[in-house]
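Commentary on secondary and tertiary structure
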Amino acid sequence: MKSQTVFITGATSGIGKATAELLAKQKFNLILCGRRKERLLDLQNKLGKLTNVTTLAFDVRNKGEVFKAIETLPTKFKNIDVLINNAGNAHGLSTIQNGDLDDWDAMMDINVKGLLYVSKAILPKMIENNNGFIVNIGSIAGKEVYPNGNVYCASKHAVNALNKAMRLDLNKYNIRVAGIHPGAVETEFSEVRFKGDTERAKTVYEGYKALQAEDIADIIHFVITRPYHVNIEDLVVYPTAQASATILNKE
Ligand code: NDP
Ligand code: 8X3
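First, a word on scope: everything that follows refers to the structure included in this document.

**Examining the packing of aromatic side chains**
Across all of its chains, the model carries one aromatic pair by this definition. We note Arg226 situated over the ring of Phe222; from NZ or CZ to the ring centre the distance is 3.9 Å.

Structure representation (structure tokens):
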């Protein structure tokens, strides 16, 4: 069977990187994206030994860059079978009245509008091919709301809504759409949320075993390798120690 081509946003770190590493071992063709060019180059060098890899450096907030980058894909990478909309982050953690406007812009522009731009650029070919799979990485923050999480939660509720909306609108084109919604995963996520305060970021994962990026990669791999008539439409994944966004059984 022909190797499938998978497009991963946010492949330079965390869940996206672990997914790229796992899928490379399984011989998927990979299009790896992110803003940090050095990391993309490292991934190209390392994973290029295992499978066909190309990289695209762009900021998902910039619609011009998104469409231009995707247009420049080499011919052999143009038929994308799976899009993993993973790029995203939380910026800040504060009450609505004290929220920072730039943080709000970043979360809505990256997590919501970025996901829309990338999907819009990739969908025409999937529709033409009557074949495709979009995996949207949401969050438990898209299923519930927690104190100080306001705009991040709103952005992930939007991802949850778009996941459902895509499934409705793309149904007649034979395109699968799935949402995966993790709880706490130990990645660079909290470092970004707390703007480089690594000490504070570390405390988020202390006293319990958080999910690892590889756990989510494993689930993504499972979801995209089901027979074509099977669509796992929505998955919520917690660490065992977590019962809700705010209830954690810490030592
Ligand atoms: P990381 O911070 O480790 O990775 C985030 C990735 O997104 C990086 O590769 C980063 O690449 C990319 N990214 C961020 N901003 C942009 C941008 N403007 N343009 C292009 N790429 C961008 O976090 P995770 O791996 O944890 O996060 C991945 C997804 O999982 C996110 O959508 C997050 O919301 C979600 N999630 C995470 C959870 C967690 O607890 N960690 C739990 C639930 C969901 P670069 O900086 O190179 O551009
Ligand atoms: C990341 C998980 O609980 O920090 O989406 O929002 S949480």
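Back to the text.
**Description of the site of ligand 1**
Near ligand 1 there are 30 residues, and of these Thr12, Ser13, Arg35, Tyr152 and Thr187 occur at the shortest range. Val60 is positioned with one of its backbone polar atoms (N or O) 3.0 Å from a nitrogen atom of ligand 1. Between an oxygen atom of ligand 1 and a side-chain N or O atom of Thr187, the distance comes to 2.6 Å. Elements that contribute at least two residues to the shell around ligand 1 include exactly helix H1 (14-25) and helix H5 (150-170). Per-class residue counts for the shell around ligand 1 are twelve nonpolar, twelve polar and six charged.

**Quick notes on the nonpolar core**
Membership of the largest hydrophobic core comes to 30 residues, with the highest contact counts inside it found for Phe7, Leu56, Phe58, Ile70 and Val118. For this core, the secondary structure elements donating two or more residues are strand E2 (29-34), helix H3 (63-71), helix H4 (101-129), H5 and strand E6 (175-182). Per-element tally for this core: the top contributor is H4, with ten residues. Excluding anything up to four places from it in sequence, Phe58 contacts Phe7, Cys33, Gly34, Arg35, Glu65, Val66, Ala69 and Val118. Ranked by size, the runner-up nonpolar core spans 28 residues in total, among them Phe28, Ala178, Val185 and Ile220.

Cut-off values and rules
Residues numbered from 1 in each chain as written. Chains lettered and ligands numbered in written order. Predicted model: local features only at pLDDT ≥ 70, side-chain atom pairs only at ≥ 80, totals over all residues. Heavy atoms only, no water. Phe/Tyr/Trp six-rings, centres within 6.5 Å; stacked < 30°, edge-to-face > 60°. Lys NZ or Arg CZ within 6 Å of the ring centre and 35° of its normal. Near = heavy atom within 4 Å. Polar contact = N/O pair within 3.5 Å; in protein donor to acceptor, adjacent residues only side chain to side chain. Helix = DSSP H or I, 4+ residues; strand = E, 2+ residues; numbered from the N terminus. Nonpolar A, V, L, I, M, F, W, Y, C, P; charged D, E, K, R; others polar. Core = buried A, V, L, I, M, F, W, Y, C linked by side-chain atoms within 4.5 Å. Buried < 20%, exposed > 50% of the residue type's maximum accessible area, 1.4 Å probe, protein only. Contact = heavy atoms within 4.5 Å.

The values are spatial; any link to function lies outside them.
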